[in-house]
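These are the residues of each chain, in order.
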Amino acid sequence: MAVISGTVRAHSETRLAIIASRWNPRIVDVLIEGARRALIDHGVAEQAIDLVRVPGAWEIPVAAARLAAAGQHGAILALGCVVRGDTRHYEHVADGCAEGLMRVAIEFRVPVLNGVLAVELHADAEARAGGKLGNKGEEIALAALEMIDLWRNL
């Protein structure tokens, strides 16, 4: 049986895009830095990383679709943070964002990594943004590099 996979490595000619929400900046800025640092530490030139800022998580899939349609990026990393409140707004935003990102990935056949935290409490987000559970920005950056390499191998 043939096994096709990717490895976590940079390809010098590949650009990556990080789309990040400005909402919950204390969390999202840590996710951005984790992703940026992981990419650079694995050989991606800082000039090959584009950071796109959007108002909130709801706007991330639209920006991802625009970038994917342009075809300039090997992968798109989505970063944001949605915290449950007293209304159903949380579910609409978190679910809509995740579904939108998957649609972009499938429609445009580009890896789109979902690093939009959907948490109950700010403490849950802090644990995933450099806290005891690591940094989800870093995790999706590594997954993006692996997926770019996999795309080349498929």
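Heads up: the structure comes first, above all this text.
What comes next is a walk through the structure.

## A look at the overall build of the chain
Then, number 1: Secondary structure assignment for the chain yields five helices and six strands.
Then, number 2: Along the chain, helices and strands appear, N-terminal first, in the series β-α-β-α-β-α-β-α-β-β-α.
Then, number 3: Against the globule reference of 15 Å for 154 residues, the chain gives a C-alpha radius of gyration of 15 Å, in line with a compact fold.
Then, number 4: Principal-axis analysis of the C-alpha atoms gives the chain an extent of 50 × 35 × 30 Å.
Then, number 5: Across the 154 residues in the chain, those meeting the buried criterion constitute 44%.
Then, number 6: Of all intrachain contacts in the chain linking residues separated by at least 6 positions in sequence, the fraction that spans at least 24 positions is 81%.
Then, number 7: Entry remark: accessible area of the chain is about 8,400 Å², with carbon and sulfur atoms responsible for 54%.

## Focus on helix H5 (residues 136-153)
Then, number 1: In a regular helix each residue adds 1.5 Å, so 18 residues correspond to 26 Å; H5 covers 26 Å between its end C-alpha atoms and thus fits that length.
Then, number 2: All of the buried residues in H5 are Gly 137, Ile 140, Ala 141, Ala 144, Leu 145, Ile 148, Asp 149 and Leu 150.
Then, number 3: Buried residues belonging to H5 abut strand S1 (16-21), helix H1 (25-41), strand S3 (75-83), strand S4 (112-119) and strand S6 (134-135).
Then, number 4: One side-chain oxygen of the residue at the start of H5 lies 2.7 Å from the amide nitrogen of Gly 137, identifying that residue as Asn 135.

## Digging into the sheet that holds S1
Then, number 1: Strand order in this open sheet of four strands is S2-S1-S3-S4, and the pairing throughout is parallel. Either end of the sheet is taken by a strand with one partner, and the two such strands are strand S2 (49-54) and S4. Going from strand to strand, the sheet's axes swing by 15° on average, the running direction of each strand aside.
Then, number 2: The sheet contact formed by S1 and S2 spans six bridges and is parallel. Within S2, the residue paired with Leu 16 across the bridge is Ile 49.
Then, number 3: Along the sheet, H5 contacts S1, S3 and S4; its crossing angle with S3, the most-contacted strand, is approximately 155°.

## Digging into the pairing of S4
Then, number 1: With six of eight residues buried, S4 is to be regarded as a mostly interior element.
Then, number 2: In terms of strand pairing, S3 meets S4 through eight bridges, oriented parallel. Across the sheet, residue Leu 79 finds its bridge partner in S4, namely Gly 115.
Then, number 3: With helix H3 (residues 89-108) bridging S3 and its parallel neighbour S4, the resulting β-α-β unit is right-handed.

## Focus on a nonpolar patch on the surface
Then, number 1: A cluster of nonpolar side chains, contributed by Ile 4, Trp 151 and Leu 154, occupies part of the molecular surface with about 340 Å² of accessible area.
Then, number 2: Relative to the assigned elements, Trp 151 resides in helix H5.

## What to know about the packing of H1 against H5
Then, number 1: At their nearest, the axes of H1 and H5 sit 7 Å apart, and the two run at 40° to each other. As H1 packs across H5, the resulting crossing turns out to be right-handed. Together, Leu 31, Gly 34, Ala 35, Ala 38 and Leu 39 of H1 and Lys 136, Gly 137, Glu 138, Ala 141, Leu 142 and Leu 145 of H5 make up the contact between the two elements.

## Topic: the side chain of Ser 21
Then, number 1: Residue position: Ser 21 is located in strand S1.
Then, number 2: Only 2.9 Å separates the side chain of Ser 21 from the backbone nitrogen of Trp 23, close enough to count as a polar contact.
Then, number 3: The contact partners of Ser 21, leaving out residues within four places of it in the chain, are Val 28, Arg 53, Val 54, Pro 55, Gly 56, Ala 57, Ile 60, Leu 79 and Gly 80.

Cut-offs and rules
- Residues numbered from 1 in each chain as written.
- Predicted model: local features only at pLDDT ≥ 70, side-chain atom pairs only at ≥ 80, totals over all residues.
- Heavy atoms only, no water.
- Helix = DSSP H or I, 4+ residues; strand = E, 2+ residues; numbered from the N terminus.
- Rg over C-alpha atoms; globule rule 2.2 N^0.38 Å.
- Buried < 20%, exposed > 50% of the residue type's maximum accessible area, 1.4 Å probe, protein only.
- Contact = heavy atoms within 4.5 Å.
- Areas by Shrake-Rupley, 256 points an atom, 1.4 Å probe, with all protein chains shown as cover.
- Expected span 1.5 Å × (residues − 1).
- Polar contact = N/O pair within 3.5 Å; in protein donor to acceptor, adjacent residues only side chain to side chain.
- Pairing = 2+ DSSP bridges.
- Axes fitted to C-alpha atoms, helices over the stretch in contact; angles between N-to-C directions.
- Right-handed = clockwise from strand over helix to strand, strands pointing away.
- Patch = residues over 30% accessible without salt bridge, like charges linked within 9 Å, V, L, I, M, F, W, Y side chains within 5 Å.
- Salt bridge = Lys/Arg side-chain N within 4 Å of Asp/Glu carboxyl O.
- Left-handed = near helix turned anticlockwise from the far one by under 90°.

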